[in-house]
Amino acid sequence: MEDTLLQTIDLVKSFPVRRGFFGQYHFRLVAVDHVSFSLKTGETLGLVGESGCGKSTLGLTIMRLYEPTSGTVKFDGIDWTALGEDELRKKRRMMQMIFQDPLASLDPRMTVEEVILEPMEIFGVNKSADRVNEVRRILEITGMPSDSVFRFPNEFSGGQQQRIGIARALALQPKMLICDEPVSALDVSVQAQILNLLRDLQEKFNLSYIFISHNIAVTAFMSRRIGVMYLGNLVEIGPSQEIINSPAHPYTKALINAVPEPEPKRKKATRTLSGDVPSPIDRPPGCPFNPRCYLMQDRCKEENPLSREISSDHFVSCHFA
Amino acid sequence: MTRYFLSRLAGILGVLIAVSMITFFLMKIVPGGPFDIMGVQANKNIPDFIKENLEIKYGLDKPIPVQYLIFMKNAVKLDFGYSFYYQGQTILEIFQNQWPYSIQLGLLTMGFSIVVGIGLGIGAAMHQGKWPDHLGTGVALFCLAMPSFVFALLLQLVFAIKLGWFPTGGWDSPENWVLPVIANSLGPVLILQRFTRSSMLDSLRSNYVRTARAKGVPERRVTFVHIFKNSLTPILTVGGPMLAGLIVGSFFIESIFRIPGIGQFWVTAIQNRDYPLIMATTLVWTIIISITYLITDLLYALVDPRVTFMKEK
């Protein structure tokens, strides 16, 4: 139960960018910058951060839907980044992904049954005679009506479409699911249903989750540990309760401060962030957060802080935390 | 579905009536009649009294609306009468004798263009920026810049005269078909290549393609099942009318390769003021275009399950 399922070591994903009328200026956009963390079987790691901080890219790079620029991913005891294309495809069933936009992620020409059946057929999951029943069983587990098999994805509501996406991922009996903003396209009322479904499934199948979200409250509800990303860097990672109650990194503090308070009369110390996230092409030297940080000193402009353990299993990349 | 089909057929009928009426009256307004043209071509004046007799014989002395009604009454029975210009041949005979050649040429051209055009389009989209993309763009550019009649003559010069691989013309055996089909396919290949490429590139970036890869679907299956099938709608949109254009024959290609098709009749009918032939060709063209659009619309439903012909309740 407590064994490490996934480990990333110094994972980097950068994209070449050409600017200028003739594309004469070459840059590298570093979307994921030396990210290292590990995930145990049956555990959920939440990843939070604002738009463009590289959390989705990190998910896609772990899946190897993007090829990592450097670094290593170890998954289920194998070096995931060293697998050849064919081997990777065969191992894909172990690691599946749930996408943000449920409808766009489903082939509009395929019925629900075809969507779920296709990966089973490719990987030979279950005996072929049982597959059709298996599709119905998975749909039932994910809370879909039994008459949905012959309908097309666009005929369903957003919540149901995401249930189809989850059913599709489960069809391969994976060990780990990467949930990339699985509820951010949904109504608030439906969000809770999907989140509860994901938690039930985790218990039932002993799944590990990487739960990517920009909403720290949702992430805390889902995860045992939370990682906070800023400009491609994992700036803080630790147990959820600790992150929420005693955040160490100034960026994490600001994120938690930004969570809306349900009781309007309650005063809270507001310390909002000023400015925008710097472009990942033109990164500030030193600590990536220094232009927006209220703790900023000269040292932050020169030296990128290393990750250090401030309490058990709680790591922060800040000189002053 | 049946309702939809019937209402579309009624629409085609309406279009036919409108087109026939407009064409008929325009044709009569244009100065000069069929017998003037014959006189000019024979280099002699036909005396007025002979012309009057001819007009009475062919019913051209009656008021124009009456002529129209008589024409339509016969046309419904597919009786378009005799050609004014090709003496001794009925319009129906001309179509029966010549059109099969054009249909055959058109279908072969369509088949060839689908294989080459869509093939090059798929290759270009799947290897964007690499040599298959440049090859596809190169071929498309060639098709755009090269007039088909020049290309036809070049093909004859190189493959028929210099190399002697194929005959210069005729239509008797499959080896006669090769050069005309290639020459005729410039436009279709161009259009299919460009549309396939751009439509595939659209689907290529879709989220469901990413999902398919995440599911571990092999790349070949991703290309043909998830990307290509979702790119078919725009290809169908240009492909339907293209087929209609191809099966009515080609004036240039048929003339250059001595194919006894119907292409030249479409062009010469107007010069010759061959009233029955003008009407027949126009109506046939209208019917073909209407039917291909209808078939194209029905095929959309086959290609994309989101298309439905039911009325929203």
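**Structural notes on the confidence of the model for chain B**
- Per-chain confidence: chain B averages 87 in pLDDT, with 98% of residues scoring 70 or above.
- What the predictor reports for the complex is a pTM of 0.78 with an ipTM of 0.80.

**Considerations on the side chain of B:Lys28**
Residue and element names in this part refer to chain B.
- Here Lys28 is to be found in helix H1 (residues 2-29).
- With no salt bridge to any partner, buried Lys28 finds its closest opposite charge in Glu55, at an N-O distance of 8.7 Å.
- Separated by 2.6 Å, the side chains of Lys28 and Gln67 make a polar contact.
- Setting aside chain neighbours within four positions, we find Lys28 in contact with Leu60, Ile64, Gln67 and Tyr275.

**Focus on the sheet that holds strand E5 (residues 78-79) of chain A**
All names here are of chain A.
- Spatially, E2-E1-E4-E5 is the arrangement adopted by the four strands of the open sheet, whose pairing is antiparallel. Two strands in the sheet have a free side with no partner beyond their single neighbour: strand E2 (25-40) and E5.
- One ladder, built from 12 bridges, connects strand E1 (residues 4-19) with E2; its direction is antiparallel. Bridge pairing in E2 places Arg18 opposite His26.
- Packing of helix H1 (residues 55-63) onto the sheet brings it into contact with E1, E2 and strand E4 (70-75), and relative to E1 it is tilted by some 115°.

**Considerations on helix H4 (residues 64-76) of chain B**
Residue and element names in this part refer to chain B.
- Here H4 spans 18 Å end to end across 13 residues, near enough to the 18 Å set by a 1.5 Å rise per residue.
- Considered for burial, the residues of H4 that qualify are Gln67, Tyr68, Phe71, Met72 and Ala75. Buried residues of H4, seen end-on, are gathered within an arc of 130° and therefore sit on one face of the element. Exposed and oriented more than 90 degrees from the buried face of H4 are Leu69, Lys73 and Val76.
- Packing partners of the buried residues in H4 comprise H1 and helix H15 (275-303).
- Where H4 ends, the next residue or the one after it, Leu78, has phi of about 65°, a positive value.

**Comments concerning the interface of chain B and chain A**
- With 20 residues of chain B at the interface, the matching set in chain A holds 24 residues.
- Sorting the residues of chain B by area buried against chain A places B:Arg210, B:Ala214 and B:Lys215 first, and these three jointly supply 31% of that buried surface.
- On inspection of chain B and its partner chain A, the count reaches two salt bridges.
- Between B:Lys215 and A:Glu118 there is a salt bridge, with its nearest N and O atoms 3.1 Å apart.
- Summed over the shared surface of chain B and chain A, the result is 12 residue pairs in polar contact (both at pLDDT 80 or more).

**Some details on the nonpolar core**
- One finds A:Ile116, A:Met120, A:Leu139, A:Ile166, A:Leu198 and A:Tyr209 to be the most contacted residues of the largest nonpolar core, which totals 39 residues.
- Only helix H3 (112-123), helix H4 (128-141), helix H5 (158-170), strand E7 (176-180), helix H6 (188-205), strand E8 (208-212) and helix H7 (216-222) of chain A provide two or more residues apiece to this core.
- Beyond its immediate sequence surroundings of up to four residues, A:Leu139 is in contact with A:Val112, A:Ile116, A:Met144, A:Ser148, A:Val149 and A:Ala167.
- Membership of the second largest hydrophobic core comes to 31 residues, among which are B:Tyr68, B:Ala269, B:Tyr275 and B:Ala280.

**Quick look at the layout of surface pockets**
- Here the largest pocket defines a volume of roughly 600 Å³.
- Lining the largest pocket are 22 residues, with A:Arg64, A:Leu65, A:Arg92, B:Arg213 and B:Glu219 sitting closest to its centre.
- Elements that contribute at least two residues to the lining of the largest pocket include exactly E1 and helix H2 (85-91) of chain A together with helix H10 (207-214) of chain B.
- Residues that form the lining of the largest pocket fall into these classes: nine nonpolar, two polar and 11 charged.

**Examining a nonpolar patch on the surface**
Residue and element names in this part refer to chain B.
- A contiguous nonpolar surface patch, about 940 Å² in accessible area, is contributed by Phe149, Val150, Leu154, Leu157, Val158, Ile161, Leu163, Trp165, Phe251, Phe252 and Val267.
- The greatest single-element share of the nonpolar patch, amounting to six residues, is contributed by helix H7 (residues 148-162).
- Tracing the backbone shows Leu163 in the loop between H7 and helix H8 (174-184).
- Overall, Leu163 belongs to the partly exposed group, its relative accessible area being 42%.

**Quick word on the pairing of E4(A)**
Residue and element names in this part refer to chain A.
- In this structure, E1 lies alongside E4, joined through five bridges in antiparallel fashion. Residue pairing across strands places Gln7 opposite Lys74, the latter belonging to E4.
- The hairpin turn running from E4 into E5, its antiparallel successor, is two residues long, and Asp76 in that turn takes a positive phi close to 55°.

**What to know about H8(B)**
- What H8(B) keeps buried is the set B:Asn176, B:Leu179, B:Pro180, B:Val181, B:Ala183 and B:Asn184.
- In the core, the buried residues of H8(B) are packed alongside helix H5 (91-126), H7, helix H9 (186-204), helix H12 (232-247) and helix H13 (251-256) of chain B.

**Side note on the environment of A:Phe315**
All names here are of chain A.
- The topology assignment puts Phe315 in strand E12 (residues 314-316).
- Taking the C-alpha atoms as reference points, Phe315 and Asp180, separated by 135 residues in sequence, lie 23 Å from one another.
- Every residue in contact with Phe315, bar those within four places of it in the chain, is listed here: Val235, Glu236, Ile237, Ser307, Arg308 and Glu309.

**Things to note about the packing of aromatic side chains**
- Tallied over the entire structure, the rule returns 20 aromatic pairs over all chains.
- With a centroid separation of 5.3 Å and an interplanar angle of 85°, the aromatic rings of A:Phe15 and A:Tyr66 are classed as edge-to-face. With a gap of 51 residues between them, A:Phe15 in strand E1 and A:Tyr66 in the loop between H1 and E4 connect regions that are remote in the sequence.
- What makes A:Phe15 partly exposed here is its relative accessible area of 25%.
- Ring plane angle 35° and centroid distance 5.9 Å describe the contact between B:Phe25 and B:Tyr68, whose orientation is recorded as tilted. One end of the pair, B:Phe25, is in helix H1; the other, B:Tyr68, is in helix H4, with 43 residues separating them in the sequence.

**What to know about the sheet that holds strand E3 (residues 44-48) of chain A**
Residue and element names in this part refer to chain A.
- Read from one edge to the other, the open sheet built from eight strands follows the order E6-E7-E8-E3-E9-E10-E12-E11, with strand pairing classed as mixed. The sheet terminates laterally at strand E6 (95-98) and strand E11 (308-311), the two strands that pair on one side only. Across the sheet, the mean angle from the axis of one strand to that of its neighbour is 25°, orientation sign disregarded.
- Sheet topology note: the E7/E8 ladder contains five bridges and is parallel. Across the sheet, Cys179 pairs through a bridge with Phe211, a residue of E8.
- Packing of H1 onto the sheet brings it into contact with E3, E6, E7, E8 and strand E9 (225-230), and relative to E6 it is tilted by some 150°.

Rules used in this analysis
All chains use their own residue numbering, which begins from 1 and follows the written sequence. Starting at A for chains and at 1 for ligands, labels are handed out in the order in which the entities are written. Reporting in this predicted model follows two pLDDT cut-offs: at least 70 for local features of residues, and 80 or more for side-chain atom pairs to be given and counted; totals over whole chains, interfaces and linings ignore these cut-offs and use all residues. In computing side-chain values, all of the structure's heavy atoms are included and hydrogens and water are not. In predicted models, pLDDT denotes the confidence assigned by the predictor to each residue on a 0 to 100 scale. Helix numbers and strand numbers start at the N terminus; a helix is a DSSP run of H or I with at least 4 residues, a strand a run of E with at least 2. Three labels apply to residues, based on accessible area from a 1.4 Å probe with only protein chains included: buried if under 20% of the type maximum, exposed if over 50%, partly exposed otherwise in between. For the purpose of charge, His is not counted, nor are the chain termini; Lys and Arg are scored as positive and Asp and Glu as negative. Salt bridge, as used here: a side-chain nitrogen of Lys or Arg that lies within 4 Å of a carboxyl oxygen of Asp or Glu. Any N or O atom pair separated by 3.5 Å or less is treated as a polar contact, with the protein-specific requirement of one donor-capable and one acceptor-capable atom, and with residues adjacent in sequence counted only for side-chain atom pairs. Two residues form a contact once any of their heavy atoms are found within 4.5 Å. Should DSSP find at least two bridges between two strands, the strands are regarded as paired. For helices, the axis comes from a line fit to the C-alpha atoms of the stretch in contact; other axes are also lines fit to C-alpha atoms, and the angle between any two N-to-C directions lies between 0 and 180 degrees. How far a helix is expected to stretch is found by multiplying one less than its residue total by 1.5 Å. The directions considered for the arc run from the helix axis to the C-beta atoms. Buried area adds together the accessible area that both of two parts lose upon being put together, with accessible area traced by a 1.4 Å probe. Among the buried residues, those of types Ala, Val, Leu, Ile, Met, Phe, Trp, Tyr and Cys that are joined through side-chain atoms within 4.5 Å form a nonpolar core. A 1.4 Å probe that fits into a set of points on a 1 Å grid over the protein atoms alone but cannot get out defines a cavity; an open set with protein on both sides within 12 Å along at least five of seven lines defines a pocket, and lining residues are those with an atom within 4 Å of a point. Grid points are joined across faces, edges and corners, and a volume is the space filled by probe spheres set on the points. The residue classification treats Ala, Val, Leu, Ile, Met, Phe, Trp, Tyr, Cys and Pro as nonpolar and Asp, Glu, Lys and Arg as charged. All others, Gly included, are polar. For patch building, the residue pool is restricted to those with more than 30% relative accessible area and no salt bridge; the joining distance is 9 Å between like charges and 5 Å between nonpolar side chains (Val, Leu, Ile, Met, Phe, Trp, Tyr). In short, Shrake-Rupley with a 1.4 Å probe defines the accessible areas, and a residue's cover is counted only from the protein chains shown. Each Phe, Tyr or Trp ring, with Trp reduced to its six-membered ring, pairs with another whose centre is within 6.5 Å; inter-plane angles below 30 degrees give stacked pairs, above 60 give edge-to-face pairs, and intermediate values give tilted ones.

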